[in-house]
Number of protein chains: 2
Amino acid sequence: MQNGYNAVTDGIVRLLKDIVGERDVIFGDDELIMPYSHDETHGAEYARYPEVVVRAGSAAEIGAIMKLANKEMIPVTPRGAGSGLSGGAVPVYGGILLSLERMNRILEIDRENLVAVVEPGVITNDLNNRVQQDGLFFAGYPMSLETCFVGGNVAENAGGGRAVKYGVTGRYVLGLEVVLPTGDTAVFGGKRVKDVTGYNMVQLMVGSEGTLGIFTKIILKLLPLPKAKIDMLVLFPDVSSALKVVPLIMTELRIIPSGVEFMDSLSLKIACDYLGEKKGYSGAGAILLVEMDGNDREQVLEECLQIGELCAERGGALDSFVAEGPAEQDKIWRVRKCAGEAYTALGTILSAEDLVVPPNRIVDMIPAVEALSQKYGVLMPSFGHVGDGNLHVTIIKDPNTQSERGKEQLPALLTELYLLTRELGGTISGEHGIGHKRKQYMPLLLGETELAAMRQIKAALDPKNILNPGKIF
Amino acid sequence: MQNGYNAVTDGIVRLLKDIVGERDVIFGDDELIMPYSHDETHGAEYARYPEVVVRAGSAAEIGAIMKLANKEMIPVTPRGAGSGLSGGAVPVYGGILLSLERMNRILEIDRENLVAVVEPGVITNDLNNRVQQDGLFFAGYPMSLETCFVGGNVAENAGGGRAVKYGVTGRYVLGLEVVLPTGDTAVFGGKRVKDVTGYNMVQLMVGSEGTLGIFTKIILKLLPLPKAKIDMLVLFPDVSSALKVVPLIMTELRIIPSGVEFMDSLSLKIACDYLGEKKGYSGAGAILLVEMDGNDREQVLEECLQIGELCAERGGALDSFVAEGPAEQDKIWRVRKCAGEAYTALGTILSAEDLVVPPNRIVDMIPAVEALSQKYGVLMPSFGHVGDGNLHVTIIKDPNTQSERGKEQLPALLTELYLLTRELGGTISGEHGIGHKRKQYMPLLLGETELAAMRQIKAALDPKNILNPGKIF
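Residues numbered from 1 in each chain as written. Chains lettered and ligands numbered in written order. Predicted model: local features only at pLDDT ≥ 70, side-chain atom pairs only at ≥ 80, totals over all residues. Heavy atoms only, no water.

Visitor: Would you explain the overall build of chain A in this entry?
Guide: Scanning chain A from N- to C-terminus turns up 17 helices and 20 strands. Relative to the 2.2 N^0.38 estimate, which gives 23 Å for 473 residues, the radius of gyration of chain A is 23 Å and therefore close to what a compact globule would have. Principal-axis analysis of the C-alpha atoms gives chain A an extent of 70 × 60 × 45 Å. A total of 473 residues make up chain A; the buried ones form 62% of that total. The contacts in chain A between residues at least 6 apart in sequence include a share of 75% that link residues at least 24 apart. For chain A, the distance from the average position of its 46 positive side-chain charges to the average position of its 60 negative side-chain charges is 3 Å. (Helix = DSSP H or I, 4+ residues; strand = E, 2+ residues; numbered from the N terminus. Rg over C-alpha atoms; globule rule 2.2 N^0.38 Å. Buried < 20%, exposed > 50% of the residue type's maximum accessible area, 1.4 Å probe, protein only. Contact = heavy atoms within 4.5 Å. Lys, Arg positive; Asp, Glu negative; His and termini not counted. Charge placed at Lys NZ, Arg CZ, Asp CG, Glu CD.)

This is the structure:
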């Protein structure tokens, strides 16, 4: 028993098996339980074994589990694909790990209303492949779309590279069937773009990191698939030249790209070294990858050319490449896409950060990050979705030193980094969430009034603190 | 004293004057208080005089008022422009009417980040006129944009005609400074497109109808102003022909218009009769007004032609007119824009409804509405934003009868209408809100679990039920 919770007994395991069936309860087998003990957050200290894993198959089963857990004072942690980056699906206090992996059906594609209805365990890319057959697409998706579940995207309000034009996941969530912490099932919203029938419970649930409810059906808005998609790679001499053109694309050209990705000099170097890419990027101190889409190929191409000119004239761009079609696009994305892998190959990743600032402040962020990396003797390469101000700074142990200083002083480094972000009008998570990884830093960002309001809502919906405790605040 | 609230005494008026100054407290003068006793909801029964009107000038003043009100158990009702259509700003239990009319400054236009920071009392159109000078626009605005306040739009999550492409007001609210019901000031969100630092309090506040907080600063996302804007008027032989082409525009042509407005045969007739418009619309049983925008005039025009062809081939359209520039556009919008005025001239408006259904079900709605109008002996013309499924059905006393049956049986009629809407997968308010006008009907739409969750949130943030009581549920 910890924090007032009770242990999972054989008797409770029996009751759980009565609810979901023998086969979908894992108990007493550490090897089978291990995969459910962590997500993709760097650092073994964020992992925690649940006492029992339950793979639920329906809202009714989840409701019964939540009622049992409330009665017996056992914490329940919901889990999607486990691709999260803040420990949201980690069972901090043990208890029941509730996996949604079995609930993976695409229930309906309603073409006329541009709506999909899915269960939470559908892989994001599977949904996109399915709706593309109908000339549609689901615009709310993160970079991990090949593995992540739609339910997790909704729970974390995932963003990704195309939020500049398309916004984040929440914008596409029209309705939810959700099991509340006390075990009752509620339906909020529906196949409606407009709905002001009471509070916006749908958007309160979105991004609540599995602490306010467990989604069992998700109604998503789809969009017509744009007929043309053209990407551009632009090489700049340095970071500030690259970053200063980003707002100009929108304010001077009045063009909203679907995405604007950025890599700084160090992340570019690490990725190029990893790939053995010698020539293509030589001399570049930063790159932008601009994604454009629309219905008229000629117009999209014309806009790409305008952006190319702007980059050359106002940012002193060294070179730019336009890519149409998957083969060419894969080529210009190669360096950006391998960055994570290249970091891992280089050294121990101490932390993957998810800062967000007003887009025009990223230019102030980069030199300050460099100064911090020198101060703490770590590498801090940056890439990110600069069109929406979201910068992924990764903190890597310097491979040229044996010193553990970077790791030991990580909390001090993060505190400085977060205070800097706040000073620039930003915050510590744009799309990965708080989970238990960033929880201790929340008071740096939010005052007691703001935190109290959130805690009051949590306590109102989950009076016994049964659902995903130990997260956010 | 009613519902546990205390009356506003001379002593309390004195304290209120200490907070906001002598000049901005109105007490004991019914003539001056009268304008604050109602909004634009039809029906004198929805009006109610406050005991005192206070025109606050800052978050600090509002905080002090809320603390006083909590201490003295006096209800507080916030009010913007009073252009609401569900009684949201009506002080149901008397008490303090808190007007935001003095807080009307545009605080900042941040061009680089495409953000505006405003006080709640800014008139929506004033903001748009201001940002247009910078080649920007604020896309979340309702039809009443010439009078409504931004604060009210946020409180009601206002929609309007352009939600098809641009979504509703909430999509453009990035941050809020808000005085909570207990009088503390909180800041949620900021100049950030992405933000998952804790619960999405911003979107919970949006559409909460002034029951969860009083906005004192609003951070709005702006968009680049499209360079081309073309409208189209299309005449159809009947309602179902017009409605069946609407989803095809998006699914077959893959074009998302900024708006698709609809008028049925009766609303068209009433408006044409009122304007003395004889020839232009003869033979038309329904019209669509399609709004298109984009950066390339030729492409927008080309898309208009495609839509025109689709309307002719698949909807048997009788005629279509393309309008560029304000003069031409005003001409084709004339009939739609005068509809409200024409209804008022025709007879007593019993109720203005705000139904929303999945867009492809509007075609089932219209004949059912006609059947109800016959059953209850009232006129029920419809217009609305059919691109997003939002149908404004107006219930008008038949001018050819003296019978009061329509008025007496209004609750029965509304119950039937709402149940029909629910059956079609819809709900009773898309953009006007619940207020106290529709409150009694909420249990037709939401179950006890859903209502309880909303009530729990209200009670958590406003334990004494001081802020805008008597609304929504």
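Alright, that's what it looks like, and here's the rest.
Visitor: Looking at this structure, how should I read the sheet that holds strand β9 (residues 185-189) of chain B?
Guide: By definition, the strands of a sheet pair up through backbone hydrogen bonds, in either a parallel or an antiparallel sense. Residues and elements named next belong to chain B. Taking strand neighbours across the sheet as the criterion, the five strands line up as β5-β6-β10-β8-β9 in an open arrangement whose pairing is antiparallel. The sheet is open, and its two borders are formed by β5 (106-110) and β9, each paired with just one other strand. Averaged over all adjacent pairs, the angle separating strand axes in this sheet is 10°, with direction ignored. Where strand β6 (residues 115-118) meets strand β10 (residues 214-221), four bridges bridge the pair, whose relative direction is antiparallel. Looking at the pairing, A116 lines up with L220 of β10. (Pairing = 2+ DSSP bridges. Axes fitted to C-alpha atoms, helices over the stretch in contact; angles between N-to-C directions.)

Visitor: What am I meant to see in the interface of chain B and chain A here?
Guide: At the junction of the two partners, chain B supplies 86 residues and chain A supplies 86 residues. Carbon and sulfur atoms make up 60% of the surface buried where chain B meets chain A, a total of about 6,800 Å² over both sides. Of all residues in chain B, the largest losses of buried area upon contact with chain A belong to B:K194, B:Y199 and B:R254, amounting jointly to 15% of the total for that side. Summed over the shared surface of chain B and chain A, the result is four salt bridges. (Buried area = accessible area lost by both parts, 1.4 Å probe. Salt bridge = Lys/Arg side-chain N within 4 Å of Asp/Glu carboxyl O.)

Visitor: Would you explain the relation of the copies chain B and chain A in this entry?
Guide: Once chain B has been moved 0.0 Å along the axis and rotated by 180°, it coincides with chain A to within an RMSD of 0.0 Å. The symmetry that links the two subunits is that of a two-fold axis. Same-surface contact between copies: 100% of interface residues of chain B are shared with the interface of chain A. (Least-squares fit on C-alpha atoms with pLDDT ≥ 70 in both.)

Visitor: Quick question: what am I supposed to make of the domain arrangement of chain A here?
Guide: Size of an interface: often given as the accessible area lost when the parts come together. Residues and elements named next belong to chain A. Assigned domains within chain A: domain 1 (106-224), domain 2 (228-339) and domain 3 (347-435). Domain 1 puts seven residues into the contact, and the matching count from domain 2 is 12 residues. The largest contributions to the domain 1 side of the interface with domain 2 come from R162, V164 and K165, which together make up 63% of the buried area. Linking domain 1 to domain 2 there are two salt bridges. A salt bridge links K165 to D293, with the shortest nitrogen-to-oxygen separation between them at 2.6 Å. Linking domain 1 to domain 2 there are three residue pairs in polar contact (both at pLDDT 80 or more). Of the residues contributing to the side of domain 1 that touches domain 2, the split by class is four nonpolar, one polar and two charged. (Domains from an automatic or database assignment. Polar contact = N/O pair within 3.5 Å; in protein donor to acceptor, adjacent residues only side chain to side chain. Nonpolar A, V, L, I, M, F, W, Y, C, P; charged D, E, K, R; others polar.)

Visitor: Quick question: what am I supposed to make of helix α1 (residues 10-20) of chain A here?
Guide: In an α-helix, one turn spans 3.6 residues, which is why side chains three or four residues apart end up on the same side. Residues and elements named next belong to chain A. Of all the positions in α1, only I12, V13, L16 and V20 are classed as buried. The buried residues of α1 occupy an angular sector of 100° when the element is viewed end-on, so they sit on one face. Among the exposed residues of α1, those pointing more than 90 degrees away from its buried face are D10 and D18. On the buried face of α1, the contacting elements are β1 (25-27), β2 (52-55), α3 (59-72) and β4 (96-99). Just downstream of α1, G21 is the residue with a positive phi angle, here 100°. (Arc of directions from axis to C-beta.)

Visitor: How should the side chain of B:H436 be read in this particular structure?
Guide: All names here are of chain B. Assignment of secondary structure puts H436 in the loop between α15 (410-423) and α16 (442-445). Looking at H436, the relative accessible area reads 19%, which means it is buried. There is a polar contact of 3.2 Å between the side chain of H436 and the backbone oxygen of Y46.

Visitor: Where do I start with the nonpolar core in this structure?
Guide: Note on soluble globular proteins: their nonpolar side chains tend to be buried together. If you look at the biggest cluster of nonpolar residues, it comprises 194 residues, and the most contacted ones within it are A:L127, A:L288, B:L127 and B:L288. When residues no more than four places from it in sequence are discounted, the contact partners of A:L127 are A:I106, A:I109, A:A116, A:V118, A:V122, A:F138, A:V150 and A:L220. In this structure, B:Y5, B:I12, B:V54 and B:V179 belong to the second largest nonpolar core, which totals 28 residues. (Core = buried A, V, L, I, M, F, W, Y, C linked by side-chain atoms within 4.5 Å.)

Visitor: How do you make sense of the pattern of salt bridges when you look at a structure like this?
Guide: Pairing between side chains of opposite charge can happen when the charged atoms of each approach one another. Counted by the stated rule, this structure contains 66 salt bridges over all chains. One salt bridge connects A:K194 with B:E431, and the closest N-O pair in it is separated by 2.8 Å. Taken together, the residues span two chains, with A:K194 in the loop between β9 (185-189) and α7 (201-205) and B:E431 in the loop between α15 and α16. As far as the burial class goes, A:K194 and B:E431 line up, both buried.

Visitor: I tried to follow the environment of A:S144 on my own but got confused; where do I start?
Guide: All names here are of chain A. Within the secondary structure, S144 sits in the loop between β7 (136-137) and α5 (150-156). Residue classification places S144 among the partly exposed residues on the basis of a relative accessible area of 28%. Here the alpha-carbon distance between S144 and T124, two residues 20 residues apart in the chain, equals 8.6 Å.

Visitor: It is not clear to me how the sheet that holds strand β6 (residues 115-118) of chain A should be interpreted in this structure. Could you clarify?
Guide: All names here are of chain A. Reading across the sheet, the five strands line up as β5-β6-β10-β8-β9 and stay open at both edges, with antiparallel pairing between neighbours. Among the strands making up the open sheet, the edge pair consists of β5 (106-110) and β9. For this sheet, the mean angle separating the axes of adjacent strands, direction not counted, is 10°. Across the sheet, α3 lies against β8 (173-179), β9 and β10 (214-221), angled at about 50° from β8, the strand it touches most.

Visitor: Please clarify how the packing of aromatic side chains should be interpreted in this entry.
Guide: How two aromatic rings sit relative to each other is set out by the distance from centre to centre and by the angle between their planes. Residues and elements named next belong to chain B. On inspection of all chains with the given rule, the structure shows 12 aromatic pairs over all chains. Judged by centre distance (5.1 Å) and plane angle (85°), the rings of Y418 and Y441 are edge-to-face. Here the residue Y418 occupies a position in helix α15, and Y441 occupies one in the loop between α15 and α16, the gap between them amounting to 23 residues. Taken as a pair, Y418 and Y441 share a single burial class, namely buried. (Phe/Tyr/Trp six-rings, centres within 6.5 Å; stacked < 30°, edge-to-face > 60°.)

Visitor: How should I be thinking about the environment of A:R111 in this particular structure?
Guide: Position of A:R111 relative to the elements: it lies in the loop between β5 and β6. Overall, the relative accessible area of 36% leaves A:R111 in the partly exposed class. With 332 residues separating them along the chain, A:R111 and A:P443 place their C-alpha atoms 45 Å apart. When residues no more than four places from it in sequence are discounted, the contact partners of A:R111 are A:D134, A:L136 and B:T251.

Visitor: Explain the state of the cysteines to me, please; I cannot follow it from the model alone.
Guide: A covalent bond between the sulfur atoms of two cysteines is what we call a disulfide. Residue and element names in this part refer to chain A. Overall, the coordinates contain zero disulfides over all chains when judged by the stated rule. Unpaired in this structure, C304 has its nearest cysteine sulfur neighbour in C311, at a distance of 10 Å. Residue C304 is classed as buried on the basis of its relative accessible area, which comes to 1%. Free of any disulfide, C338 has its nearest neighbouring cysteine sulfur in C272, separated by 7.8 Å. (Disulfide = S-S within 2.5 Å.)

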